Amino acid sequence: MCGIVGLFLKDKSLEADLGRMLSEMLVTMTDRGPDSAGIAVYNEHQAGLVKITVQADHPQTDFDGLEKKLDVRDTHAVLAMPQVSLNAAMAELRQLDPVIRIMGHGESIEIYKEVGLPETVVSRFDIAKMTGTHGIGHTRMATESAVTTMGAHPFNTGSDQCLVHN
């Protein structure tokens, strides 16, 4: 049993409230999935730039010295770069796994997910303050596999694509 929420804003004036609305929706689904939670937020992108969202178990040391280059939110960070650098950066980051793990990539997507109650996950990443055009969230109640960050949804399935399922 899991909970899935999604929101696509047609009214541009509501984009500043996307994170708050998605947070409230996700927390409402806690009884459907108290083990882990995650959210993918899509926001405006800058032409020629891409983003990679990464995760580390020990961000204080794993992201040490990178704070000026990364937008760090708890155990996750977003690295923005020119599109032409994406493949090389992804290859470098894959060599750092399991210390730093890739959560997602694309022009406008950022993925945040962790073990814990949805309310805790939303708070850790300050999701309520995020802006964007649309987003999807998932709460997980594990029935077979281990409860881990990598097992939490959403899953990145390609550039600016993600998947949640029940």
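How each quantity is defined
Residues numbered from 1 in each chain as written. Predicted model: local features only at pLDDT ≥ 70, side-chain atom pairs only at ≥ 80, totals over all residues. Heavy atoms only, no water. Core = buried A, V, L, I, M, F, W, Y, C linked by side-chain atoms within 4.5 Å. Buried < 20%, exposed > 50% of the residue type's maximum accessible area, 1.4 Å probe, protein only. Helix = DSSP H or I, 4+ residues; strand = E, 2+ residues; numbered from the N terminus. Contact = heavy atoms within 4.5 Å. Salt bridge = Lys/Arg side-chain N within 4 Å of Asp/Glu carboxyl O.

### Some remarks on the nonpolar core
- By size, the foremost hydrophobic cluster in this structure holds 16 residues, and its most contacted members are Ile39, Tyr112 and Ile127.
- Put simply, the parts of the chain that give this core at least two residues each are helix H1 (18-28), strand E2 (36-42) and helix H4 (118-124).
- Broken down by element, this core gets its largest block of residues, 4 residues, from H1.
- Dropping the residues within four chain positions of it, Ile127 is found in contact with Gly19, Arg20, Ser23, Ile39, Tyr112 and Val122.
- Core analysis: the next-biggest nonpolar cluster, separate from the first, contains 13 residues, Val50, Ile52, Phe63 and Ile100 among them.

### A closer look at the pattern of salt bridges
- Taken as a whole, this structure holds 8 salt bridges when the rule is applied.
- Measuring nitrogen to oxygen at the nearest pair gives 3.0 Å for the salt bridge that ties Lys51 to Glu110. Of this pair, Lys51 sits in strand E3 (residues 49-56) while Glu110 sits in strand E7 (residues 109-115), and the two are 59 residues apart along the sequence.
- For Glu110, a relative accessible area of 10% gives the class buried.
- Two residues, Asp57 and Arg101, come together in a salt bridge whose shortest N-O distance is 2.9 Å. Separated by 44 residues along the polypeptide, Asp57 in the loop between E3 and helix H2 (59-62) and Arg101 in strand E6 (residues 100-106) bring together distant segments of the chain.
- Asp57 gets classed as partly exposed once you look at its relative accessible area, which sits at 44%.
- Here the residues in one salt-bridge network are Lys12, Glu15 and Glu44, joined through shared partners.

### Let's talk about unusual backbone geometry
- The peptide bond linking Asp97 to Pro98 adopts the cis configuration, its omega dihedral lying at 15 degrees.
- The residue Pro98 is located in the loop between helix H3 (86-96) and E6 in this model.
- Along the chain, His153 connects to Pro154 via a cis peptide bond; the corresponding omega equals 0 degrees.
- Mapped onto the elements of the fold, Pro154 is located in the loop between strand E8 (134-140) and strand E9 (155-158).
- Here Asp74, not a glycine, exhibits a phi torsion of approximately 60 degrees, which is positive.
- Its place among the elements puts Asp74 in the loop between strand E4 (71-73) and strand E5 (76-82).
- The residue Asp126 is not glycine, and still its phi comes out positive at about 55 degrees.
- You can see Asp126 is positioned in the loop between H4 and E8.

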